[in-house]
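Inside the fold
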Amino acid sequence: MNKTAFLGALTVTGLAAGAAAAATLDDVRDRGTLNCGVSTGLTGFSAPDANGNWEGFDVAVCRAVAAAVLEDPEAVEFVPTTGQTRFTALASGEIDLLARNTTWTFSRDNDLKFEFVGVNYYDGQGFMVPKELGVTSAKDLGGATVCIQTGTTTELNLADFFRTNNMEYEPVPIETNAEAQQQYLADACDVYTTDASGLAATRASFENPGDHVILPEIISKEPLGPLVRHGDNEWGDIARWTLNALIAAEEYGVTSANIEELSQGTQNPEVNRLLGTEGNLGEMIGLDAEWAKRAIMAGGNYGELFERYLGESTPVGLARGLNAQWTDGGLLYAPPFR
Amino acid sequence: MASTVDASSRQGFKLSQLIYDTRYRSLTIQAIAMALLVLFLSWLVSNTVQNLSDLGKDFDFGFLGQRAGYDINQTLIPYTSGSSHARAAIVGILNTLLVAFLGCILATIVGVIAGVLRLSKNWLVARLMTVYVEGFRNVPLLLWIIAIFAMMTEATPQPRDFREGGTASMWLWDSVAVSNRGVYIPAPVWGPGSTALIIVFVLSIAAIIGFRRYAFRRQEATGVLLPILPVSLALFFLPSILAYFVLGGPVSLAYPELGGFNFQGGLHMRNSLIALWLALSLYTGAFIAEIVRGGILSVAKGQSEAAFALGLRPSRTMNLVILPQAMRVIIPPLISQYLNLTKNSSLAIAVGYMDARSTLGGITINQTGRELEGMLLLGLFYLVLSLIISGAMNVFNARMKLKER
Ligand SMILES: N[C@@H](CCC(=O)N[C@@H](CS)C(=O)NCC(=O)O)C(=O)O
């Protein structure tokens, strides 16, 4: 008797668990908010403003997905994660989407069982040193003390870089960007290394950004993108095509300024399909016709977001570079909306 | 009572008796509790298995053999980024053991001194110790770790300042450098002949122990006291110093020197180690102080009065009468303080000290996605370590127990 009850309990809990793991879309809708994992604070990418509202380039991805799915870009619960906690948070279901300067790698995709839905920033790892050190190349860093964030690809690239160049170094492992900044400014390390965009963002928040230089060497490829759990393809598709919608909108000249006008109908069928005035793309991913329109209206198209949070006019001051549209010699290339 | 037994044996067994009959009730409750526990555990296990398979993950320790790929700053055994995750875990475990060992020693010293001084008749000293104990006991350990670490990085000069014409200089005839990256001290260099020196040293320690035993036995038999302290000190220093010169100075010191970005040579005690060590020791020391104070107070006043009446000096009264009795009270809670200190050392990540939690339970888990396996291994490590510590301390306790003659 005991045994059957035991087995019964096993199957029931098994079924319950199985059902909960699929259908993230239903969970998000029932909850009414999107749980989105972001960093603990990196200017330009994800940081709370003076009023405690999260904003930034990664935050904008969360808001676009919330706008597409929940019709409200504010319906996001931001969960700050460190380099070490982010994957556990996603795998355990604490967050539905992770948008935190995360590099798409083979093992994260396949061994850690995640699904990267695209790339929102093409980056590479760089080094920042105080100007007064007089260092001009990363090859001169032998013997230096280097601050790194643990649980990142940065850590692995760094080990490889110093090994292949036959140099010694002293790693100082650190949990968050804020701590790294404090250690670096206190000269507890000579060098800070992370994604070049992160270096620019970090330097932008210094009192005297001009006292620090970013060395010319970029030692790795860091395609940063949002990711979801393996195994829920519908949810992965929604996140992927929301990002693609932002990129395509820039390509087709759909901006937050002209989107209302364009959604009356245009001569360009691709724009019409994107904005839901033609065809039934929304239905195909389980959303309504205006999902992409709302996603773009949440903060503007990819180019607008870039200009607002990272562009040359912001303190971070990044050039588009690789992150320009393919038509402008960059790598951004959204597949056709048809 | 007798009538119930009679009645039930006459009427046979009824199901309601399981609840209403005091003879069966406790059994029933135990059986139900057991069944619930088994159900709960099986639910946990099946849920885990199910969730793992939903994520497409298996349960496999194979990752331990893979290349770790990351560097560790403080390694007590040779390690490179090409070593395996298992080796990285061992490096972390050794770092945990190091800080736990150093911490237990310093915490005991601090705790005993503070505990005894808190009973001092000197008002100021006693009050100061009270402030220390209450200050450290009542503020979370994590804050102390971070505060000490911050003080050490912000208040000390950077290596560059030690350059010619810089603002900082080394201590103790240019042998110790205190910088914001840690403390660099001279490191011993073991030249040829140092083995002989070590053997001489070990032998002199053995001689000290032997002499003490002999002196003790003689005192038991004849009542004559031998000068234990001077002889011990002489045995400790003289043979080793003699041997050092006879062997032509086999051990020398490598002094830290500024080269490139950092100091080279010498022994580098990183700020992360020092901050963690000090914070753990001072925090646990405050608890040990209370334990020691309680232990001493637990010995009846009549004991010391009797000792004084016999003409024993205060120091001998402490050593021969009070402490042996206080030890019985002190050791058991002391064991749990050592266990606490060891487990608290897992807060190391706050200052980037690479202990077992930071390597195996941190970076390795993060790079391989093996949370469950890594955490189980880590739990197992702390469990085994705790059992070993309490086992060793229990043996010590058994030896310190009052023995009747
Ligand atoms: N792209 C790397 C590094 C990501 C990373 O940790 N970036 C830093 C600086 S660019 C960051 O976002 N820090 C914010 C925080 O500490 O929360 C990875 O995915 O492993």
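Treat the numbers as computed from the prediction; the structure is a model and nothing was measured.

Tallying secondary structure elements over chain B gives 13 helices and seven strands in all. Its C-alpha atoms give chain B a radius of gyration of 29 Å, more than 25% over the compact-globule value 22 Å for 405 residues. In chain B, which comprises 405 residues, the share counted as buried stands at 38%. Residue pairs in contact within chain B that sit at least 24 positions apart in sequence constitute 65% of those at least 6 positions apart.

Before going further, it helps to spend a moment on the UniProt feature "transmembrane region" (unreviewed entry) in chain B. In this structure's numbering, the residues bearing the UniProt feature "transmembrane region" (unreviewed entry) are residues 27-45, 88-117, 129-152, 189-211, 223-247, 274-296 and 375-396 of chain B. Secondary structure across residues 129-152 of chain B divides into 88% helix and 0% strand, with the first and last C-alpha atoms of the span separated by 24 Å.

As a further point, take the state of the cysteines. Residue and element names in this part refer to chain A. Evaluated as defined, the whole model comprises two disulfides over all chains. Each sulfur in the disulfide pair C36 and C62 lies 2.0 Å from the other. Residues C36 and C62 are joined by a disulfide whose S-S torsion is about -65°; by sign, that bridge is left-handed. Of this pair, C36 sits in strand β1 (residues 34-38) while C62 sits in helix α3 (residues 57-70), and the two are 26 residues apart along the sequence. Comparing C36 with C62 shows no difference in burial state: the two are buried. Here C147 is linked by a disulfide to C189, with a sulfur-sulfur distance of 2.0 Å.

All names here are of chain A. Counting through the fold element by element, T194 comes out in strand β11 (residues 191-195). Its relative accessible area of 10% is what places T194 among the buried residues. In this view, T194 contacts G124, Q125, G126, T154 and L199; residues no more than four positions away in its chain are not counted.

Here the UniProt-annotated "domain: Solute-binding protein family 3/N-terminal" (unreviewed entry) positions come out as residues 33-262 of chain A. Annotation note: span residues 33-262 of chain A, helix share 34%, strand share 23%, distance between end C-alpha atoms 29 Å.

To continue, consider helix α5 (residues 123-137) of chain B. Residues and elements named next belong to chain B. In a regular helix each residue adds 1.5 Å, so 15 residues correspond to 21 Å; α5 covers 21 Å between its end C-alpha atoms and thus fits that length. Looking only at α5, the buried set comprises A126, M129, Y132, V133 and F136. For α5, the angular spread of the buried residues around the axis is 120°, confining them to a single face. Facing away from the buried side of α5 by over 90 degrees, the exposed positions are W123, L124 and V131. Buried residues along α5 sit against α4 (85-118), α6 (141-154) and α9 (271-297). N-cap assignment for α5: the residue whose side-chain oxygen lies 3.0 Å from the backbone N of L124 is N122.

Turning to a nonpolar patch on the surface, a few remarks are in order. All names here are of chain B. Nonpolar side chains collect at one region of the surface, where M34, L37, V38, F40, L41, W43, L44, V45 and V49 lie side by side and expose about 830 Å² of accessible area between them. Mapped onto the elements, V45 comes out in helix α3 (residues 22-54). Take V45: its relative accessible area is 52%, and that puts it in the exposed class.

Residues and elements named next belong to chain B. If you walk across this open sheet you meet the three strands as β1-β2-β7, and the pairing is antiparallel. Pairing within the sheet leaves two strands with one partner each, and these edge strands are β1 (177-179) and β7 (267-270). Recorded for the sheet is a direction-independent mean angle of 15° between the axes of neighbouring strands.

This part is about the site of the ligand. Residues and elements named next belong to chain A. Taken together, 22 residues sit near the ligand, with T40, T103, T153, N177 and D195 positioned nearest. One of the side-chain nitrogen or oxygen atoms of T103 is found 2.6 Å away from a nitrogen atom of the ligand. D195 places a side-chain nitrogen or oxygen 2.8 Å from a nitrogen atom of the ligand. About the coverage of the ligand: the protein hides 100% of its 510 Å² of free accessible area. Among the elements of the structure, α6 (153-164), β11 and β13 (222-224) are those that each provide at least two residues to the shell around the ligand. Split into classes, the residues belonging to the shell around the ligand amount to two nonpolar, 15 polar and five charged. Formed jointly, the shell around the ligand draws a minimum of three residues from each of two domains, domain 1 (27-120 + 225-328) and domain 2 (124-222).

The subject of this paragraph is the packing of α6(B) against α9(B). Residue and element names in this part refer to chain B. Packing of α6 against α9 leaves a shortest axis separation of 8 Å and a crossing angle of 140°. Taken as axis vectors, α6 and α9 run oblique relative to one another. Classified by chirality, the crossing of α9 by α6 is right-handed. Note on element contacts: α9 touches α6 through N271, S272, I274, A275, L276, L278, A279, L280 and Y283, opposite L141, W144, I145, I148, F149, M152 and T153. Tallied by class, the residues present in the contact of α6 with α9 amount to 13 nonpolar, three polar and no charged.

On to the domain arrangement of chain A, then. Residue and element names in this part refer to chain A. Taken as a whole, chain A is organised into domain 1 (27-120 + 225-328) and domain 2 (124-222). Between the C-alpha centres of domain 1 and domain 2 the distance comes to 29 Å. In this complex, domain 1 contributes 17 residues to the contact, which on the side of domain 2 involves 18 residues. When the two sides are added together, the surface that domain 1 and domain 2 hide from each other amounts to roughly 1,200 Å², 57% of it contributed by carbon and sulfur. In terms of surface lost to domain 2, no three residues of domain 1 exceed L42, Q84 and T103, which account for 32% of the buried area on that side.

It is worth spelling out the packing of aromatic side chains at this point. Residue and element names in this part refer to chain A. Applying the stated criterion to the full structure yields 26 aromatic pairs over all chains. Each residue in the set F45, F57, Y121, Y302 and F306 is aromatic and connected to the rest through ring pairs, giving one cluster. The residue whose ring lies beneath R320 is F306, and the NZ or CZ to ring-centre distance is 5.1 Å.

Turning our attention to the interface of chain B and chain A. Every contact between the two is made by 46 residues of chain B and, on the other side, 48 residues of chain A. The largest share of the area that chain B buries against chain A comes from R160(B), F261(B) and N366(B), three residues that together contribute 19% of it. Here chain B is connected to chain A by three salt bridges. Here E170(A) ties to R270(B) by a salt bridge, and the two come within 2.4 Å at their closest N and O atoms. Run the count over chain B and chain A and you get 17 residue pairs in polar contact (both at pLDDT 80 or more).

As a further point, take the environment of G282(A). Residues and elements named next belong to chain A. By the element assignment, G282 lies in helix α12 (residues 281-284). The buried category is assigned to G282, whose relative accessible area is 3%. Once residues lying within four places of it in the same chain are set aside, the contact partners of G282 are L287, D288 and W291.

It is worth spelling out the pattern of salt bridges at this point. Any two side chains of opposite charge can pair, on the condition that their charged atoms come close. All names here are of chain B. Evaluated as defined, the whole model comprises 20 salt bridges over all chains. Across the pair E290 and R293 runs a salt bridge whose closest N-O atoms are separated by 3.1 Å. Of the two residues, E290 and R293 both sit in helix α9, three residues apart, roughly one turn of that helix. Residue class for E290 comes out buried when judged on its relative accessible area of 19%. Among the ionic contacts, a cluster of salt bridges with common partners joins R118, E134, R137, E290 and R293.

Each value, and the rule that gives it
- Residues numbered from 1 in each chain as written.
- Chains lettered and ligands numbered in written order.
- Predicted model: local features only at pLDDT ≥ 70, side-chain atom pairs only at ≥ 80, totals over all residues.
- Heavy atoms only, no water.
- Helix = DSSP H or I, 4+ residues; strand = E, 2+ residues; numbered from the N terminus.
- Rg over C-alpha atoms; globule rule 2.2 N^0.38 Å.
- Buried < 20%, exposed > 50% of the residue type's maximum accessible area, 1.4 Å probe, protein only.
- Contact = heavy atoms within 4.5 Å.
- UniProt positions renumbered as here; feature names shortened; annotations may be inferred.
- Disulfide = S-S within 2.5 Å.
- Expected span 1.5 Å × (residues − 1).
- Arc of directions from axis to C-beta.
- Polar contact = N/O pair within 3.5 Å; in protein donor to acceptor, adjacent residues only side chain to side chain.
- Patch = residues over 30% accessible without salt bridge, like charges linked within 9 Å, V, L, I, M, F, W, Y side chains within 5 Å.
- Areas by Shrake-Rupley, 256 points an atom, 1.4 Å probe, with all protein chains shown as cover.
- Salt bridge = Lys/Arg side-chain N within 4 Å of Asp/Glu carboxyl O.
- Pairing = 2+ DSSP bridges.
- Axes fitted to C-alpha atoms, helices over the stretch in contact; angles between N-to-C directions.
- Near = heavy atom within 4 Å.
- Nonpolar A, V, L, I, M, F, W, Y, C, P; charged D, E, K, R; others polar.
- Domains from an automatic or database assignment.
- Parallel < 35°, antiparallel > 145°, perpendicular 65-115°, else oblique.
- Left-handed = near helix turned anticlockwise from the far one by under 90°.
- Buried area = accessible area lost by both parts, 1.4 Å probe.
- Phe/Tyr/Trp six-rings, centres within 6.5 Å; stacked < 30°, edge-to-face > 60°.
- Lys NZ or Arg CZ within 6 Å of the ring centre and 35° of its normal.

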